[in-house]
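Working through the structure, step by step
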Amino acid sequence: MPALKDRLRADLTTAMKARDELRTATLRMVLTAVTAEEVAGKEARELADDEVQAVLRREAKKRREAAEAFAAAGRGEQAERERAEGEVVAGYLPAQLEDADLAALVADAVTRTGAAGMKDMGRVMGAVQAEVAGRAEGGRVAAEVRRQLG
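All of the points below concern the structure found in this document.

Focus: the overall build of the chain
Across its full length, the chain holds 7 helices and 0 strands. Principal-axis analysis of the C-alpha atoms places the extent of the chain at approximately 55 × 45 × 30 Å. Relative to its full complement of 150 residues, the chain shows a buried share of 35%. The long-range fraction of contacts in the chain, counting pairs at least 24 apart against all pairs at least 6 apart in sequence, stands at 58%. For the chain, the computed accessible surface area is about 8700 Å², with 52% contributed by carbon and sulfur atoms.

In structure tokens:
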């Protein structure tokens with residue numbers, strides 16, 4: 001069994017014992033998403049740690065988007081709840097790259113691929129996404145690539 005999934009289950013048990021409602025609800029939601037991913041498709045399978053992280057990234061993104069939507073609709077309390085859930089999920093993800101580190105990775109990829117303009121954005125994105133591996137959102141990466149390819 002993947003170590004990350006075991007850690008999520010153990011943390012859920014700890015949160016339940018501590019009567020931490022937010023953490024308990026969030027971890028249940030995440031484990032449900034992981035289980036749904038495992039049984040999706042033609043046959044059930046066990047997810048590897050990197051696949052569990054992909055599910056966690058998706059769930060974190062959902063929380064960010066929901067928080068923004070609630071905030072825009074003037075529903076501050078629900079937006080705050082979504083942000084808090086997002087923070088719980090983010091605790092299980094690798095640290096995000098700083099802007100300077102991301103810029104350096106993109107600059108390196110531009111040099112390696114010999115990109116000359118926006119027509120080469122796909123090649124640069126492919127090279128950077130392989131290196132970034134979940135440490136930065138695709139939108140951030142794309143924005144930096146666009147900025148550097150100008």
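More follows now that the structure is in view.
Some remarks on the nonpolar core
Leu-102, Val-124, Val-128, Val-132, Val-141, Val-145 and Leu-149 are the most contacted members of the largest nonpolar core, which totals 18 residues. Taken together, the elements giving at least two residues each to this core come down to helix H5 (99-113), helix H6 (121-132) and helix H7 (138-149). If one sorts the elements of this core by residue count, H6 sits on top with 6 residues. Beyond its immediate chain neighbours, meaning those up to four positions away, Val-145 contacts Val-106, Met-121, Val-124 and Met-125.

Regarding the layout of surface pockets
What the largest pocket holds in volume is close to 450 Å³. Along the walls of the largest pocket sit 24 residues, with Ala-60, Arg-64, Leu-93, Gln-96 and Glu-137 positioned nearest its centre. Of all the elements in the fold, those that place two or more residues in the lining of the largest pocket are helix H3 (49-72), helix H4 (76-90), H6 and H7. Looking at the lining of the largest pocket, the element that brings in the most residues is H3, giving 8 residues. In terms of residue class, the lining of the largest pocket is built from 9 nonpolar, 6 polar and 9 charged.

Definitions and limits used
- Residues numbered from 1 in each chain as written.
- Predicted model: local features only at pLDDT ≥ 70, side-chain atom pairs only at ≥ 80, totals over all residues.
- Heavy atoms only, no water.
- Helix = DSSP H or I, 4+ residues; strand = E, 2+ residues; numbered from the N terminus.
- Buried < 20%, exposed > 50% of the residue type's maximum accessible area, 1.4 Å probe, protein only.
- Contact = heavy atoms within 4.5 Å.
- Areas by Shrake-Rupley, 256 points an atom, 1.4 Å probe, with all protein chains shown as cover.
- Core = buried A, V, L, I, M, F, W, Y, C linked by side-chain atoms within 4.5 Å.
- 1 Å grid on protein atoms, 1.4 Å probe; cavity = no way out; pocket = protein on both sides within 12 Å on 5 of 7 lines; lining within 4 Å.
- Points joined across faces, edges and corners; volume = space filled by probe spheres on them.
- Nonpolar A, V, L, I, M, F, W, Y, C, P; charged D, E, K, R; others polar.

Treat this as a map of the structure, not an account of what it does.
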